[in-house]
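Each chain, letter by letter, is given below.
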Amino acid sequence: MENLIKKRYYVILFIIFGLVAICLIRLFHIQILDPSYKKHAEQNALRHLTEHPERGLIYDRNDSLLVYNEVAYDLMIVPNELRTFDTNDLCRILDIDKEILLKRIEKAKAYSMLIPTIFEQQMSKEDYGYVEEKLYKFPGFFVQNRTLRSYPHPVAAHIFGYVGEVSQKILDNDPYYQLGDYIGISGIEKAYEPELRGVKGKRVVLVDVHNRERGSYNDGELDQAPVAGTDLWSSIDLRLQIYAERLLNERSGSIVAIEPATGEILCIVSSPSYDPNLLVGKARGKNYRLLQEDKKKNPLFNRALSAMYPPGSTFKLANALIALQEGIITPSTSYFCPHGYIVGNLTVKCYHTGTVDLTSAIQVSCNNYFCRIFYNTLSNRTKFPSIQEAYNTWKKHINDFGFGQKFESDLPYETRGIIPSSDYFDKIYHKSWNGNTVISMGIGQGEVATTPIQMANFMAIIANRGYYIKPHVIRAIGKKNNPNHRYTEKHYCSIEAKHYAAVIKGMEQVMVAGTARRSKIEGIRMAGKTGTAQNPHGMDHAVFAGFAPIDNPKIAIFVLVENAGGGGAVAAPIASSIIEYYLKDETKKEELENKLNDSLKK
Amino acid sequence: MRRDTKFNISKGIDTQLVIIYLVLVIIGWFAIYSSSYNPEIHSTNIFDLSKNYGKQLIWIASAFVLAIVVLSFESRHYMHFAYHIYIFFLLIMLIVVFVGTEISGAKAWIKIGNYSIQPTEFAKFATALALAKFFNEGKTQSQKRYMWLTAFGMIFIPIIIIIFQKDAGSALVFLSFIILFYREGLSGNIFLIAVTAFILFLLTFMLNELYAIAISTSIFLIFWIINRKKKKKLIRNAIIYGCALLFIFSIDIIYDKTLQPHQKMRIDTILGKTSDPQGADFNLNQSKIAIGSGGLWGKGYLNGTQTKLNFVPEQSTDFIFCSIGEEFGFLGSLVILSLFTALIYRILFLSEQHRNPFVRYYGYGVASIIFFHFIINIGMTIGLVPIIGIPLPFLSYGGSSLWGFTILLFIFIRLNNS
């Protein structure tokens, strides 16, 4: 009996070792075999945060700040970390409906259960304070800082473009972006997105059971600091831009000024405009709609780049250059003008009469002279076997000036303008057409349409005597003295340099004794050409194109004021004011600014 | 005791037990430090008394003093005063039922200043001593008849008092003395019944009473078929079966009447009755995640994320094992399990070797209590048994439990040295 009892010692030992073994097997299973616990642990305690870099700043050509960043607070959500929470409380804080709340949660879930997505964008500082305080009640939510674009001066809205949430299409194609990331949608923001966006950083932080951050994981071993975006230096001259916008003073129209030697845009105005700060942040959608609905002013429409106008008399300069190049005329070729270009039933009226050579024809903007040389170009059958070939040769020169096509530089929303093909005329005129059929194109009316940027660039070509560099708005990247190499190539046009002198001489005469003589600037030799762009919908548009100084051109300009009548009266004074402002020194600038302010007050 | 030699308490004591004890206590302190360690505030003051690790230093120091005090009494004093001690602590526990302080649902604490003491922890060694004395007493034939009844009575008195304290976990601990009873001749059948009852109890909680009924019914049917020729055995089988069913239903009643809501929640989760991730199985999930994420080598000391960030509740007390499992991985777990197994084995080995049966009785009591605590505590952290809030001996934070286990163990060391 005693022996039998003694054996129980072993039974007990067996039970003890057996149960310990069961525990060990279980531990072996959960600690070594089953990896799901490690994953759970990471989801529990680690939060992968994206550190958004500050977007690059944009300065003007004189180091004035044009675009900077402001801090905003986004409420982020990680669906996987969601627990039951007081939805009403959150709705109250954010002032949203419960339906919206549920919808947003669904959207976030659909994107990713683990990656944080934006739940509420750009909370106000008060909301942020509230949420931060109560965050422990809302597991799965946290606040992330990010920056928003801000503009110290409400000018040049159209060229900056805007930054917005990345679209699904980009998300699908570019792994760099995550839902809720911001991306340049248009303008400079889009063209220089890779430079401006910087490099995203990441931070892995520990989060405790109450959803509070508790320092970095592994002493920040996995963290990467974000690299701020590259700063850009725009070619825009902020003071000139402001001055130009004020000159237009809310009238519909456009001003483009280019430095001819570099293709750098000095100012680019599309009026009416808007404050770029309106299209930032939470209110963007609402403000965008309001601007869009303003059909009368159409402030969102970028007239400088997208609006097509008949170029009017300024186009005559192009036809003159082509006629010179093709040997149709020489500078001394003269024609008598009998108050118009009259062929059979066709009459193109002219306010002028008398015999003019090329220089005088430009000076007085003789319609007869330019109709005639345009007709002679197209009907020269010794040179061109057919009207089509003659027209195509003309069109090639025109396209070479940049008309009828996009520059595709860093500018948003360009349109091509219209330079019809010979096929187009073959079609509508059933192949029976000649120079007189399309004669209005000779004086910049009819089927042709150009954009202000194209016209300004054309002035740069004349100023450069035969070449241009694509117009662009960013001159330096990263450092002020680190030039933007994207746009340095000189594009030589098909017109030989020797032909420009006569045209420029005529343009100078325009300023001295011609249609823009009242707008000449004391002490500056300037070339210009006025124009009237016919407008079938109302009063004609006033046009002026020019550059200065003639010998060493610093600025080429195009001005168009919608429904303002003749170019000489309205557009030319604006252009010469800008040129004068740009070329004169500091003291004169202030004087001009004051003068403009005074006149605007009246 | 020879009066002519210099009294030396360290002479002849079992160094293996003392070493295992010291190692466990020290590991425990480091684990408590780790689970209270805040990565943001790199406070290096280990004596910070506002922190658990600072307070635990005091408990450890005083436990060492206590151990020396325990060793300095003579063995015969423990034998002599066993009943006195037992009754003394029963009375204290009874007082606690009426005037005690409630901490996390259990009214089992006496508050003295800023510190709370849980008399239940001391009742364990007291009961072990009393049982040892009881078995050691010579018994007349009539006394022997009622021996087991008395023995069970001696463990059920504290159990009932503790149930009144609403501390079901601690009450269960006293059932572990059945191991001692079994060693001392309790009918194998009764031992089997007790173990079966315990398993049924867990099954009822872990699965569903229907499973428990189904399992006991099928066992009954098997026996019925085997013994269908023996009428006497059939009747006994039927009685046992009836008892099992009664037991299962009474568990249900106990479950409904005596368990605290939070305990019910925890148990319900194990049953799969609730799947609220934030609710009851949060504790269990989090403790499994903490241990499971440790891997083979662990995340390294002070690098545990789950325990550090409070995902594991009561991480320095009942769930201290999570900290070790997470930071030292499977190897750390293996070390802890090995130390406990070695400790228990050593106690049982010494008990069997000792000439004085009193020492054996007491030794088995000690081993039973420590084993039960250890296996249930670790079992609950890895989801093998329901969450029963009992500490891991020597490692868990808390003065009462450290003192209680220190006294429990060192009385054995003292007795073993006689």
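Residues numbered from 1 in each chain as written. Chains lettered and ligands numbered in written order. Predicted model: local features only at pLDDT ≥ 70, side-chain atom pairs only at ≥ 80, totals over all residues. Heavy atoms only, no water.

Q: Can you walk me through the overall build of chain B in this structure?
A: Helix and strand counts for chain B stand at 16 helices and three strands. A total of 418 residues make up chain B; the buried ones form 56% of that total. Summarising the internal contacts of chain B: among those between residues at least 6 apart in sequence, 71% fall at separations of at least 24. (Helix = DSSP H or I, 4+ residues; strand = E, 2+ residues; numbered from the N terminus. Buried < 20%, exposed > 50% of the residue type's maximum accessible area, 1.4 Å probe, protein only. Contact = heavy atoms within 4.5 Å.)

Q: Please explain the environment of A:Asp208 as it appears in this structure.
A: All names here are of chain A. Along the polypeptide, Asp208 turns up in the loop between strand E8 (201-207) and strand E9 (213-216). The class of Asp208 is buried, set by a relative accessible area of 2%. Taking the C-alpha atoms as reference points, Asp208 and Leu46, separated by 162 residues in sequence, lie 8.8 Å from one another.

Q: Even after reading the chapter, I still don't get the domain arrangement of chain A, so can you show me in this structure?
A: Frequently, the measure chosen for interface size is the accessible area removed from exposure when the parts meet. All names here are of chain A. By the assigned domains, chain A splits into domain 1 (47-151 + 202-231) and domain 2 (238-597). Placing a centre on the C-alpha atoms of domain 1 and another on those of domain 2 gives a separation of 49 Å. Contacts between the two partners involve 14 residues from domain 1 and, on the opposite side, 15 residues from domain 2. Carbon and sulfur atoms supply 51% of the area that domain 1 and domain 2 bury against each other, a total of about 1200 Å² over both sides. (Domains from an automatic or database assignment. Buried area = accessible area lost by both parts, 1.4 Å probe.)

Q: Before we go on, may I ask you to explain the packing of aromatic side chains in this structure?
A: By convention here, two paired aromatic rings are described through the distance between centres and the angle between planes. All names here are of chain A. One pass over the structure, following the stated rule, counts 57 aromatic pairs over all chains. Ring plane angle 80° and centroid distance 5.1 Å describe the contact between Phe119 and Phe141, whose orientation is recorded as edge-to-face. One end of the pair, Phe119, is in strand E4 (residues 117-123); the other, Phe141, is in strand E5 (residues 141-150), and 22 residues separate them in sequence. Seen in terms of ring centroids, Tyr391 and Trp433 are 5.6 Å apart; in terms of plane orientation they differ by 80°. Their pairing is edge-to-face. Placement of Tyr391 in helix H16 (residues 387-400) and of Trp433 in the loop between helix H17 (422-428) and helix H18 (452-464) is noted, with a sequence separation of 42 residues between them. Exposure class is identical for Tyr391 and Trp433. Each is buried. Put simply, the rings of Phe315, Phe374, Tyr391, Trp394, Phe401, Phe403, Tyr424, Phe425, Tyr429, Trp433 and Phe458 touch in pairs and so form one group of aromatic residues. The ring of Tyr176 carries Arg197 above its face, with NZ or CZ at 3.9 Å from the centroid. (Phe/Tyr/Trp six-rings, centres within 6.5 Å; stacked < 30°, edge-to-face > 60°. Lys NZ or Arg CZ within 6 Å of the ring centre and 35° of its normal.)

Q: Would you take a moment to explain the packing of helix H1 (residues 15-36) of chain B against helix H16 (residues 399-416) of chain B for this structure?
A: Helix-helix packing: each pair is described by the crossing angle between the helix axes and the interaxial distance. Residues and elements named next belong to chain B. Closest axis-to-axis distance for the H1/H16 pair is 11 Å, and the angle between their directions is 170°. Here H1 lies roughly antiparallel to H16, going by the angle between them. Contacts between H1 and H16 involve Leu17, Val18, Tyr21 and Val25 from the first element and Leu402, Thr406, Leu409, Phe410, Phe412 and Ile413 from the second. In terms of residue class, the contact of H1 with H16 is made up of nine nonpolar, one polar and no charged. (Axes fitted to C-alpha atoms, helices over the stretch in contact; angles between N-to-C directions. Parallel < 35°, antiparallel > 145°, perpendicular 65-115°, else oblique. Nonpolar A, V, L, I, M, F, W, Y, C, P; charged D, E, K, R; others polar.)

Q: Teacher, can you tell me more about the sheet that holds strand E12 (residues 264-271) of chain A here?
A: All names here are of chain A. Spatially, five strands are ordered E12-E11-E20-E19-E18 in an open sheet, and the strand pairing comes out antiparallel. Only two strands of the sheet have a single partner each, and these edge strands are E12 and strand E18 (527-533). Within the sheet, the average angular offset between the axes of one strand and its neighbour, ignoring direction, is 5°. Sheet strands in contact with helix H19 (residues 500-513) are E18 and strand E19 (541-548), and its direction is about 75° off that of E18. (Pairing = 2+ DSSP bridges.)

Q: Looking at this structure, I do not really get the pairing of E5(A). What am I missing?
A: Put simply, side chains in a regular strand alternate between the two faces of the sheet. Residue and element names in this part refer to chain A. Most of E5 sits out of view: eight of its ten residues are buried. Where strand E3 (residues 65-77) lies against E5, ten bridges are found, and the strand directions are antiparallel. What sits directly across from Glu70, in E5, is Leu148.

Q: Got a minute to help me understand unusual backbone geometry in this structure?
A: If a residue is not glycine, its phi is most likely negative; likewise, a peptide bond is most likely trans. Residue and element names in this part refer to chain A. Cis geometry is found at the peptide bond from Ser271 to Pro272, where omega equals 0°. Following the sequence through the fold, Pro272 ends up in the loop between E12 and helix H11 (284-293). Residue Ala156 is not a glycine yet carries a positive backbone phi of 55°. Inspection of the secondary structure puts Ala156 in the loop between E5 and helix H6 (157-160). At His339, a residue that is not glycine, the phi angle is positive and equals roughly 60°. Mapping His339 onto the fold places it in strand E13 (residues 335-343).

Q: Help me out: how do you make sense of helix H4 (residues 98-111) of chain A in this one?
A: At 3.6 residues per turn, the α-helix brings residues three or four places apart onto the same side. All names here are of chain A. Along its 14 residues, H4 runs 20 Å from first to last C-alpha, staying within 8% of the 20 Å computed at 1.5 Å per residue. Taken residue by residue, H4 has Leu101, Ile105 and Ala108 as its buried positions. Along the axis of H4, the buried residues cluster in a sector spanning 65°; they form a single face. Opposite the buried face of H4, at more than 90 degrees from it, the exposed residues are Glu99, Lys103, Lys107 and Ala110. (Expected span 1.5 Å × (residues − 1). Arc of directions from axis to C-beta.)

Q: Just checking my understanding: could you explain the interface of chain A and chain B for this structure?
A: Chain A puts 37 residues into the contact, and the matching count from chain B is 50 residues. Taken together, both faces of the contact between chain A and chain B bury some 4000 Å²; the carbon and sulfur share is 71%. The interface formed by chain A and chain B includes zero salt bridges. The interface formed by chain A and chain B holds eight residue pairs in polar contact (both at pLDDT 80 or more) in total. Counting only elements with at least two residues in the side of chain A that touches chain B, the list comes to helix H1 (2-33), helix H2 (36-45), E8 and E9 of chain A. Residue classes in the side of chain A that touches chain B are distributed as 24 nonpolar, five polar and eight charged. (Salt bridge = Lys/Arg side-chain N within 4 Å of Asp/Glu carboxyl O. Polar contact = N/O pair within 3.5 Å; in protein donor to acceptor, adjacent residues only side chain to side chain.)

Q: Quick question: what am I supposed to make of the nonpolar core here?
A: The tendency in soluble globular proteins is for nonpolar side chains to be buried as a group. Formed by 136 residues in total, the largest nonpolar core has its most connected members in A:Trp394 and A:Phe401. At nine residues, H18(A) tops the list of elements feeding residues into this core. For A:Phe401, the residues in contact, after removing those within four places along its chain, are A:Ala318, A:Leu321, A:Ile322, A:Asn457, A:Phe458, A:Ile461, A:Tyr468, A:Cys493, A:Ile495 and A:Tyr500. A:Leu27, B:Ile60, B:Cys322 and B:Tyr397 belong to the second largest nonpolar core, which has 124 residues in total. (Core = buried A, V, L, I, M, F, W, Y, C linked by side-chain atoms within 4.5 Å.)

Q: How should I be thinking about the packing of helix H13 (residues 316-325) of chain A against H19(A) in this particular structure?
A: Residues and elements named next belong to chain A. It is at 9 Å that the axes of H13 and H19 come closest, and there the two elements cross at 150°. The angle between the axes of H13 and H19 places the two elements in the roughly antiparallel class. The interaxial crossing formed by H13 with H19 has right-handed handedness. Counted together, Leu317, Ala320, Leu321 and Leu324 of H13 and Tyr500, Val503 and Met507 of H19 form the full contact between these two elements. Here the contact of H13 with H19 is composed, by residue class, of seven nonpolar, no polar and no charged. (Left-handed = near helix turned anticlockwise from the far one by under 90°.)

Q: Would you explain the environment of A:Lys6 in this entry?
A: Looking at the element boundaries, A:Lys6 is found in helix H1. Each C-alpha atom of the pair A:Lys6 and A:Pro226 lies 73 Å from the other, and the pair is 220 residues apart in sequence. Apart from residues no more than four positions distant in its own chain, A:Lys6 is found in contact with B:Arg183 and B:Glu352.

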